[in-house]
Amino acid sequence: MLDVTDLNIEFHDHLTPETVVNDFDLHMDYGEIVGLVGESGSGKTMSALAIAGLLSRKNMKKRGRIEFEGTDILNCPRNELRSLQGKDISMVFQEPMNSLDPLKKIGYQVEESLKIHTDMSAKNRKRLALRALSEVELPDPKGIYELYPHELSGGMRQRVMIAAAIISKPKLLICDEPTTALDVTIQAQILELLKKINKRYNTAILFISHDLSLVRKLCKRVLVMYRGNVVESGEAEQVFSHPEAEYTRLLIAAIPKFEKLRKD
Amino acid sequence: QGDKAAESSKIVVGIAQDLEDSLDPHKAVAAGTKEVLFNIYEGLLKPAPDGNIIPAVAESYEVSEDGTRYSFRLRNGVKFHNGEPVTAEDVKYSIEKSAGMTGDESLIPAFSLIKSVDIEDPSTVVITLSEGNLEFPAYLASANAAVIPASNASPDTIPIGTGPYQCVSRSPQENLVMKRFDDYWGEKAYIEDVTFKIEANADSVVMDLLGGSIDMFPRLTTSQVSQLSEDFTVYEGTMNLVQALYLNNEYGPLKDVRVRQALCYGTDIDGLLKLAFDGKGVPIGSSMFPSFGKYYMDELNDVYTYDVEKAKELLKEAGYENGFDLKITVPSNYQPHVDTAQVLVEQYKKIGVNASIDLVEWNSWLSDVYTNRDFESTVIGVDASNMTARALLERFCSDAGNNFINFNDARYDETFKKAITTADDEESTALYKELERILAEDAANVYLQDMAEFVALNRKFTGYEFYPMYIQDIARLRLSE
Amino acid sequence: MKRKRLLNHKLIAGAVITAFVVLVSAAGFFYTPYDPNMMDAASKFAGISLKHPLGCDNFGRDILSRIISGSGTTLVIAFCTVLIGSVGGMLAGAVTGYFGGAADEIIMRFNDAVLAFPSILLALVFISVIGSGKYKVILALGIVFIPSFARLVRAEFIKCRSMDYVSSAKLMGASDLRIMFVHILPNTMKVMLSSVAIGFNNAVLAEAGMSFLGIGVVPPDSSLGRMLSEAQAFIFVKPSYAIFSGAMIVLMILGFSMLSEGLEAL
Amino acid sequence: MKYIIRKTASMAVTVLIVSFLVFLAFSVIPGDPAVAKLGTSATPEKLVKLREELGLNRPLPVRYFEWIKSFLFGDMGTSYSYGVSVRSMLAGKLPITFCLTGMSFVLIIVISIPLGISAAKYEDTLFSKITDVLNQAVMAVPAFFTGILITYAAGLVLHLFTPGGYVSYRESMGGFLYYMLFPALAIALPKTAMNVRLLKSSVLKEAKLDYVRTAYSRGNSTNDVLYKHVLKNALIPVITFLGMTLSDIVAGSLIIEQVFSIPGIGRMLITSIGNRDYPVVGAIITIVAFIVIFINYIVDILYQVIDPRTRRQG
Amino acid sequence: MEELVLKVDKLNAWYKTRGTIFNRGENRRQILHDISFEIRRGEIAGLVGESGCGKSTLGKAILSMVKDTEGEVLHFSENPQMIFQDPYGSLNPSKTVGWILEEPLRIRGELKNSLRDELVIDMLRRAGLDESYLDRYPSELSGGQRQRVCIAQALMLKPSLIIADEPVSALDVTIQSQIIRLLLELNRELGIAFIFISHDLKIVYQICDRVMVMSGGRIIEEGSDEEVYFHPKCEYTKKLLRAAGCDQKENRN
Ligand SMILES: Nc1ncnc2c1ncn2[C@@H]1O[C@H](COP(=O)(O)OP(=O)(O)OP(=O)(O)O)[C@@H](O)[C@H]1O
Ligand SMILES: Nc1ncnc2c1ncn2[C@@H]1O[C@H](COP(=O)(O)OP(=O)(O)OP(=O)(O)O)[C@@H](O)[C@H]1O
Ligand SMILES: [Mg+2]
Ligand SMILES: [Mg+2]
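Predicted model only: the values in this text are computed from it and were never measured.

Chemist: Could you clarify how one ought to interpret the interface of chain C and chain E in this entry?
Modeler: It is common to report an interface's size as the accessible area lost on association of the parts. Between chain C and chain E, the contact holds 20 residues from the first and 26 residues from the second. Across the chain C/chain E interface, buried area totals approximately 1,900 Å², and carbon plus sulfur atoms make up 61% of it. Three residues stand out in chain C for area buried against chain E, namely D164, L171 and M172 of chain C, and they jointly supply 37% of the buried area on that side. Our count for the contact surface shared by chain C and chain E stands at one salt bridge. R178 of chain C is the partner of E103 of chain E in a salt bridge, and the nearest nitrogen-oxygen pair spans 2.6 Å. The tally of links between chain C and chain E comes to eight residue pairs in polar contact (both at pLDDT 80 or more).

Okay, structure coming up:
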């Protein structure tokens, strides 16, 4: 379904061009859940944005090939790309605080992709939106539908983003650190939800996180990134139990364990 | 093109100031108001362009030997704009009202001489004075002595007179509209509709003339004149005012006559006229202008000739070898005075006087300079409120309320008293001339010029005439061929 | 380490233009081809020539010299006006924004009242009281400019006073004054920068407007605004006077605002 | 509700302060109505008498309170110099100036919004660079000079209107509006330029924010993103600016009314200041200030309509 | 028993949603309800609870940064400091790291040139950075580096109590563990007591001696780490532990 080969992303707005993603390769099949981990600033978000066709800045260079169901995302015209975005590919962004339009009601934002891609009636859209909102375990979806983003807490906004991303039952869902802003109880619920969606609609999920324990719980395959390079990839269990790259080992060692530190 | 006659029997005259006065002729103060009201009101007598006083509502008059009894014979068939005929009662009422005998204060100081106004018969009115006065007819011809109907309850806002035009409407800051009065006793006006449009911004006058929204504008500056097109006739006359650097005779260095004389020697009037007025304007040497031919003394122009060395010498004698600071206060609303002051500042550098300009708003000028006399020197033009020498010279008497320059000269006071009390015309003229000479020799002020006046008139019209006073006589205008 | 590009073309262009304007104006304090006030009847309205590169005005004064010295006056006026306005506004805005409360309410009401006055009008009243002249204009305009800066600084202070770094400074025992001026104030500079550029623009315009109403710089002193309003009296005879002084105003403002935009983009 | 009461109260306080400042100003500037009225014919006795007549001898606070009291009851007093009621004087002029400021306000919006948006949309193209420079130039020209240039170009060269040929709205509404178009343009131009610049940078700033990316990710076209999401957000600072511009527009109309010979309150204000005609000046400034403050109040409310973040509970 | 450094007694706190002179005291919302606890020298006390329950507010209230409070807070230590939750807002963006670290000395007038360099660099080292960072602006630092600068700044005054408000939740795992180790080290070497606010129960277990569980502005459970983690009394605590995967004993090894 998705084939990324030799993706390179370079920034040109500093004195020297800066490569933030280097020879990124990724293959995903329908219904697959892939994890993408790595330290902060290693290029996870950039790669994800490129896959979603959202990198269009002028002072940046992209090389390589991204093919989604036969469409070349990097080079196809904007119109073609648009017909995929929000319908077949959806994305949940890292920053729940700023990723919602502050002046539009939650309801509008959740059902916007339906409005763009289908000719559903307003009533139907609202029904679906309410359902999506309740699917992400938000209390009182009807009330929330009428609220504005600033009236929600960070966790609630994050869930709204997820609701908006799954409403059109995309084939590929990219989740960029969807649980960072949430506390543990809600984190767990979100993971359950993603699993459920994956099963029910056969949605492929690219799950980006730096919380390895989450990735381990959710994903079959993982990619580990370090300074723009994929340093390791493979079956999740394999990577976690027999890490090959030095960095992966470091990461795994850093997972907080449920034990006293004082005693060592 | 339409009906040409109808189109052009209408004229729009631009005027620089709003008529913010009362429209009651006995209360109007501003020269700008009076020059407009001239078209609406007349007195028993009125001025003519040549400076003579001619009969108006009165057909003729007689003076007693001692000059205390004036007997006026009223003209037949003179009507007010409201259609009522002018009666002797109206005349009596008007004279008494304007003389301040019915309560309001009189704007004509000489009217305090009036002892009584009597109706001798329905067409004869006699005015008796407490002492003889030869200039009395001139006062009667002033706008402030107009004849108005006794029946008009609100002359402040509803102007009714006997003039060739009658007022249609006034809207503050905007215009005053008049139409021809067809029952006028004399030669009727040519143009039917007249609008006085207020042109508050001097800089847009040229645009408005060129654009056609006004047909006439009195008192243009030379640079405005040079920007007009072929469509305009420019009449050149004089403004009939005494433009001078008025000096506060009580202020520090200026107390010394030598300093004042030094300033006079240090002033290059020709240079000033060339620089700021394109060489137009008539140099004067005292508080009198040429159109008052009887009193005007050309020779006073030569009392001081431009002489930097002499000026420096005088300053040195007075102890101001290194010059002194002189502030010239100028009202900001009249560019020619500002320009004049600028040139003076430059000229005085040469004699070591460090002059600077203080621009003030007209009202600050009135209160600081004119009323409180708190100034060093000022450039301004002084006009005559009526056609008498007294109007120009009385203010320099040491006890005159409007002696804003604090001029104080015993000889002057004495001579003035004689001049106004003598019943002999020749003698009084000689005495007035003496007064002018004192002013010049004492260097009361640095006299500059009677400024040139330019009136632009669209070529569609013709017939403009200058008066030796502030008057715009629209009735004489007519369409050109 | 990443280094952002230090220069952008706005900054360069702005700096070049501003440098030119400042140099020309500064030079005017020491040297002009002629005395800018020297009148010469012979060269009244003289055209462009080698002797007078930009011609002469209605008094035969050399336009080039007047523009050079006028730029200096305008620059000084605009600069000092903005300085008074911004420093005054900074103080008022800092105190009201930081402390809030009743004093804030009262000062801000005054502020609103003054802002509701058309600024030219206010300047007119001030000038009537204190008299006209270059320094008086600076004072009047400067005071008139205070409220808008105060409003801006106040908003910034309100934003900053609840930031954690302020709390942290408080915890360390910094006094209120220190927090206001050492900690918070530098952070309002970015916002100030762009409004200083606008303020500069407004100051030049206001001075010109005042000259137009006859209450600005006192003749024979030259300022660009004064010259522009003088020039319109003979705009048909000598359009170049208006064009040159207008161009200098445009250049001055253009350079300054490009410079500020460039700085902001850094 | 409480908010509205509070706002209204502070509005009233501000207007009171304004009116008091006006009075205060007049007590400190040189000259008084009596001097103005008598002009050069003033004598000390006459002045004393006239001051008495006009009630100028009473202390300032007394005069102020009397004035504000009658003002509140709709009586604005009598003009010192014209001797007619201020209300009747203003009645004919307010509509003119309102129309002028209203038209310039509309012009600012109508011109600057499309221009600002396109300048942002085509950033870095020649078009945007040209508008940039043009903006700067227009911003830098004082309003009176813009007025002169417009008079010259549109009036004398193109003959689109007669300079100084003001048509009263009583004569012909169409002619009036047409004539006003040009002065309104002169006032609007510099502000338009500033607004274009502000809108452009505001749009560009908003366009960099994360929610824009979200909007793209749902498949919105570039225009949809611009008009449905970015624009509304970008307009917030523009609204503040427009609110603040209002008093500048009024100030601009003071000058422009002179240039175009429009008999509005601006000219009346300048003349009345010259005449020290307190009742007129007080009334005009108070009304103008009230309107400016009121519009800012509307802007505040508009804010809350547009930006839910500023809405408050209760 | 160690001496007390902090005693909080029946602390209540309110936020005003917006107050002016016209409606003072309106819209007062109570965030903290009757909070009481004590901290002893050298102790690390964990404070856990769901997002929005008032943890940060409590920290601020202790350091009297909340205006509207009732109850008693007794400090027995000098210069208690706080490390704020958001590393992006707690460093003055217009100052360099060096300036920020010197500021506490400057405020107390203890700034001597030779001394200053040593002290500042020492603290920076302790926080795991070196002197090359002295001239950088906060915007040039990563979140983890900022957090360390905050820690170094808090240490400048040698406090005996530091309230650390979620010092690691914004950071990625590798950096998290570095910071945790740093805090432990400081606790051990300098005897600084910490109130460690976090929602990561595993980390809290790793370093804390005592744990307080907050919900809805109240402390609903308090006790030693073992007690709270292995013998929770409240339903809420149990739920929390379950979600974090800390409920099974076998997880300990
Ligand atoms: N607008 C930009 N200009 C220049 N560099 C950028 C820009 N945006 C991101 N970068 C750089 O690109 C690199 C990769 O960023 P990216 O956001 O993909 O990291 P990430 O792996 O998602 O990190 P995190 O876990 O913190 O989200 C970083 O080094 C970052 O500094
Ligand atoms: N300045 C403030 N004004 C009004 N209410 C506030 C303010 N700060 C916080 N609150 C409210 O107080 C409550 C407690 O906030 P607090 O920041 O203490 O939560 P927390 O436990 O630290 O949450 P988190 O884990 O998300 O940091 C929240 O409901 C919040 O909305
Ligand atoms: Mg990222
Ligand atoms: Mg918190």
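From this point, the discussion proceeds with the structure in view.
Chemist: Before we go on, may I ask you to explain the coordination of the magnesium ion (ligand 4) in this structure?
Modeler: Perfect tetrahedral coordination of a metal by four donors corresponds to 109.5 degrees between them, and perfect octahedral coordination by six donors corresponds to 90 or 180 degrees. All names here are of chain E. Protein ligation of the magnesium ion (ligand 4) involves S56 (OG) and Q85 (OE1), the donor distances falling in the range 1.8 to 2.2 Å. One end of the pair, S56, is in helix α1 (residues 55-62); the other, Q85, is in the loop between β5 (81-83) and α2 (97-107), and 29 residues separate them in sequence. The partly exposed category is assigned to Q85, whose relative accessible area is 33%.

Chemist: Help me out: how do you make sense of the pattern of salt bridges in this one?
Modeler: Working definition: two side chains of opposite charge can pair if their charged atoms are close together. Applying the stated criterion to the full structure yields 57 salt bridges over all chains. E67 of chain A is paired through a salt bridge with R65 of chain A; the nearest N and O atoms lie 2.6 Å apart. Under the relative-accessibility criterion, R65 of chain A is labelled partly exposed at 38%. Note that D210 of chain D is salt-bridged to R213 of chain D, the shortest N-O span being 3.8 Å. In this pair, D210 of chain D and R213 of chain D are both assigned in helix α9 (residues 210-217), three residues apart and thus about one turn of the helix distant. Of the residues examined, R213 of chain D reaches a relative accessible area of 22% and is grouped as partly exposed. Among the charged side chains, a network of salt bridges with common partners joins D57, R61, R66, R226 and E230 of chain C.

Chemist: Honestly, the sheet that holds β5 of chain E in this entry has me stumped. Any pointers?
Modeler: The strands making up a sheet are joined through hydrogen bonds of the backbone, oriented either antiparallel or parallel. All names here are of chain E. Taken in spatial order, the six strands of this open sheet run β5-β6-β7-β3-β8-β9, and their pairing is mixed. At either margin of the open sheet sits one strand with a lone partner, and together these are β5 and β9 (218-224). Each neighbouring strand pair of the sheet contributes to a mean axis angle of 20°, computed without reference to strand direction. Two elements, strand β6 (residues 161-165) and strand β7 (residues 193-197), share five bridges in a ladder whose sense is parallel. From the neighbouring strand, D165 faces β7, where its bridge partner is I197. Here helix α5 (residues 173-190) sits on the sheet and contacts β3 (44-49) and β7; the angle it forms with β7, its principal contact strand, is near 155°. Sitting on the sheet, helix α8 (residues 235-243) touches β3, β8 (210-215) and β9, and the angle it makes with β8 is about 105°.

Chemist: Would you mind going over unusual backbone geometry with me for this structure?
Modeler: As a rule of thumb, non-glycine residues mostly have phi less than zero, and peptide bonds are mostly trans rather than cis. Residue and element names in this part refer to chain E. At K10, a residue that is not glycine, the phi angle is positive and equals roughly 50°. On the secondary structure map, K10 appears in strand β1 (residues 4-16). We classify K10 as exposed; its relative accessible area is 52%. Despite not being glycine, S64 shows a phi value in the positive range, around 45°. Relative to the assigned elements, S64 resides in the loop between α1 and β4 (68-75).

Chemist: Looking at this structure, how should I read the sheet that holds strand β15 (residues 325-331) of chain B?
Modeler: Residues and elements named next belong to chain B. Sheet architecture is open: six strands sit in the order β14-β18-β13-β17-β15-β16, paired in mixed fashion. The open sheet has two edge strands, β14 (282-283) and β16 (354-360), and neither has a second partner. Bridge analysis of β15 against strand β17 (residues 377-383) gives two bridges, and the strand direction is parallel. What sits directly across from I328, in β17, is S377.

Chemist: So what exactly am I meant to see when it comes to the domain arrangement of chain D here?
Modeler: Residue and element names in this part refer to chain D. Parsing chain D into structural domains produces domain 1 (1-91 + 266-314) and domain 2 (94-263). One C-alpha centre belongs to domain 1, the other to domain 2, and the line joining them spans 30 Å. Between domain 1 and domain 2, the buried area comes to about 1,600 Å², and carbon and sulfur atoms account for 72% of it. Area buried by domain 1 at its contact with domain 2 is led by R267, Y303 and I306, which between them contribute 34% of it.

Chemist: In this structure, what is going on with the packing of α9 of chain D against helix α10 (residues 222-259) of chain D? I would like to understand it.
Modeler: Relative orientation and spacing of two packed helices are given, respectively, by the angle between their axes and the distance between those axes. All names here are of chain D. At a closest axis distance of 10 Å, the pairing of α9 and α10 adopts a crossing angle of 150°. Looking at the two axes, α9 sits roughly antiparallel to α10. Crossing hand, α9 versus α10: right-handed. Packed against α9, whose contacting residues are Y211, V212, A215 and Y216, the element α10 presents T222, V225, H229, V230 and N233 at the interface. Taken together, the residues that form the contact of α9 with α10 break down as six nonpolar, three polar and no charged.

Chemist: Whenever I open this one, the confidence of the model for chain D confuses me. Can you help?
Modeler: Do not read the predicted coordinates in detail wherever pLDDT is low. Confidence in the prediction of chain D, expressed as mean pLDDT, is 82, and 97% of residues score 70 or more. Both scores are available for the predicted complex, with the pTM at 0.80 and the ipTM at 0.78.

Chemist: I would appreciate a short explanation of the site of ligand 2 in the present structure.
Modeler: All names here are of chain E. Looking at ligand 2, the residues that line it are Y15, R29, I31, S51, G52, C53, G54, K55, S56, T57, Q85 and E166. Between an oxygen atom of ligand 2 and a main-chain N or O atom of G54, the distance comes to 3.0 Å. Separating an oxygen atom of ligand 2 from a side-chain N or O atom of Q85 is a distance of 2.8 Å. Of all the secondary-structure elements, those providing two or more residues to the shell around ligand 2 are β2 (28-40) and α1. Top element by residues in the shell around ligand 2 is α1. It accounts for three residues. By residue class, the composition of the shell around ligand 2 is three nonpolar, six polar and three charged.

Chemist: Please clarify how the interface of chain C and chain D should be interpreted in this entry.
Modeler: Taken together, the contact pairs 40 residues of chain C with 42 residues of chain D. Interface area, chain C with chain D, both sides summed: about 3,400 Å², of which 78% is carbon and sulfur. Taken together, chain C and chain D are joined by one salt bridge. For the side of chain C that touches chain D, the elements supplying multiple residues, two or more each, are α3 (101-116), α4 (119-130), α8 (189-212), α9 (224-231) and α10 (239-265) of chain C. The leading source of residues in the side of chain C that touches chain D is α3 of chain C, at eight residues. Classifying every residue of the side of chain C that touches chain D by side-chain character gives 25 nonpolar, nine polar and six charged.

Chemist: Explain the coordination of the magnesium ion (ligand 3) here, please?
Modeler: Residues and elements named next belong to chain A. The protein atoms that coordinate the magnesium ion (ligand 3) are T45 (OG1) and Q94 (OE1), at distances of 1.8 to 2.3 Å. Remark: Q94 occurs in the loop between β6 (89-92) and α3 (106-117) and T45 occurs in helix α1 (residues 44-51); sequence separation between them is 49 residues. Exposure remark for Q94: the relative accessible area of 31% places this residue in the partly exposed category.

Chemist: Mind showing me how you'd approach the packing of helix α2 (residues 63-99) of chain C against helix α5 (residues 134-161) of chain C here?
Modeler: Taken N-terminus to C-terminus, the directions of α2 of chain C and α5 of chain C make an angle of 35°; their axes are 4 Å apart at the nearest point. In the packing of α2 of chain C onto α5 of chain C, the handedness of the crossing is right-handed.

Chemist: What exactly am I supposed to notice about the arrangement of the chains here?
Modeler: Contacts are most numerous between chains C and D, considering all eight pairs of chains that are in contact. These two, chain A and chain B, are apart from each other, with no contact and a minimum C-alpha gap of 48 Å. Chain E makes no contact with chain B, the minimum C-alpha separation between the two being 43 Å.

Chemist: What is the right way to read the environment of Q158 of chain A from this model?
Modeler: Residues and elements named next belong to chain A. Assignment of secondary structure puts Q158 in helix α6 (residues 154-166). For Q158, a relative accessible area of 0% gives the class buried. As for Q158 and L100, which are separated by 58 residues in sequence, their C-alpha atoms are 9.6 Å apart. Discounting chain neighbours no more than four positions away, the residues touching Q158 are V92, F93, Q94, P96, E177, P178, T179 and L182.

Chemist: What am I meant to see in the nonpolar core here?
Modeler: Generally speaking, soluble globular proteins have nonpolar side chains that are buried together. With 214 residues, the main nonpolar core has Y246, L392, L393 and Y412 of chain B together with L90 and F260 of chain D as its most contacted residues. At 16 residues, the largest contribution of residues to this core is made by α10 of chain D. Both domain 1 (1-91 + 266-314) and domain 2 (94-263) of chain D contribute no fewer than three residues apiece to this core. In this view, L393 of chain B contacts S287, M288, Y412, F416, Y432, L435, E436 and L439 of chain B; residues no more than four positions away in its chain are not counted. Counting residues in hydrophobic clusters, the runner-up holds 89 residues, among them V4, L26, F240 and Y247 of chain A.

Parameters at a glance
- The numbering scheme is per chain: residues are counted from 1 as the chain's sequence reads.
- Naming scheme: in the order in which they are written, chains are lettered from A and ligands are numbered from 1.
- Totals for whole chains, interfaces and linings use every residue, but because this is a predicted model, local features are given only for residues with pLDDT of at least 70 and side-chain atom pairs only at 80 or more, for both listing and counting.
- To get the side-chain values, all heavy atoms of the structure are used, and hydrogens and water are removed first.
- Should any heavy atoms of two residues lie within 4.5 Å, those residues are considered in contact.
- Values labelled buried area give the accessible surface lost by two parts on being combined, using a 1.4 Å probe and summing over both.
- By definition, a salt bridge exists where a carboxyl oxygen of Asp or Glu is found within 4 Å of a side-chain nitrogen of Lys or Arg.
- For the purposes of these results, a polar contact is taken to be a pair of N or O atoms within 3.5 Å, where, inside protein, one atom must be able to donate a hydrogen and its partner to accept one; residues adjacent in sequence count only when each atom of the pair is a side-chain atom.
- Only nitrogen, oxygen and sulfur atoms count as donors, using a 2.8 Å cut-off from the metal that widens to 3.2 Å for Na, K and Ca. Water is left out, so coordination shells may look unfilled.
- We count a stretch as a helix when DSSP gives it H or I for four or more residues in a row; a strand needs E for two or more, and each element gets its number in order from the N terminus.
- Type-normalised accessible area, obtained with a 1.4 Å probe on protein chains alone, sets the label of each residue: buried when under 20%, exposed when over 50%, and partly exposed for intermediate values.
- Strand pairing is defined by DSSP finding a minimum of two bridges between the two strands.
- A fitted line through C-alpha atoms serves as each axis, taken over the contacting stretch for helices, and the angle formed by two N-to-C directions is quoted from 0 to 180°.
- Bear in mind that the domain bounds are from an automatic or database domain assignment.
- For classification purposes, angles smaller than 35 degrees are called roughly parallel, those larger than 145 roughly antiparallel, those between 65 and 115 roughly perpendicular, and all remaining angles oblique.
- In this scheme the crossing of two helices becomes right-handed for a clockwise turn of the near helix relative to the far one and left-handed for an anticlockwise turn of less than a right angle.
- All amino acids are sorted into three groups, where Ala, Val, Leu, Ile, Met, Phe, Trp, Tyr, Cys and Pro are nonpolar, Asp, Glu, Lys and Arg are charged, and the leftover types, Gly among them, are polar.
- Confidence scores per residue from the predictor, reported as pLDDT, run from 0 to 100.
- Definition of nearness: a residue and a molecule or strand are near each other if at least one heavy atom of the residue lies within 4 Å of the molecule or strand.
- Nonpolar cores are built from buried Ala, Val, Leu, Ile, Met, Phe, Trp, Tyr and Cys residues. Side-chain atoms within 4.5 Å join them into one set.

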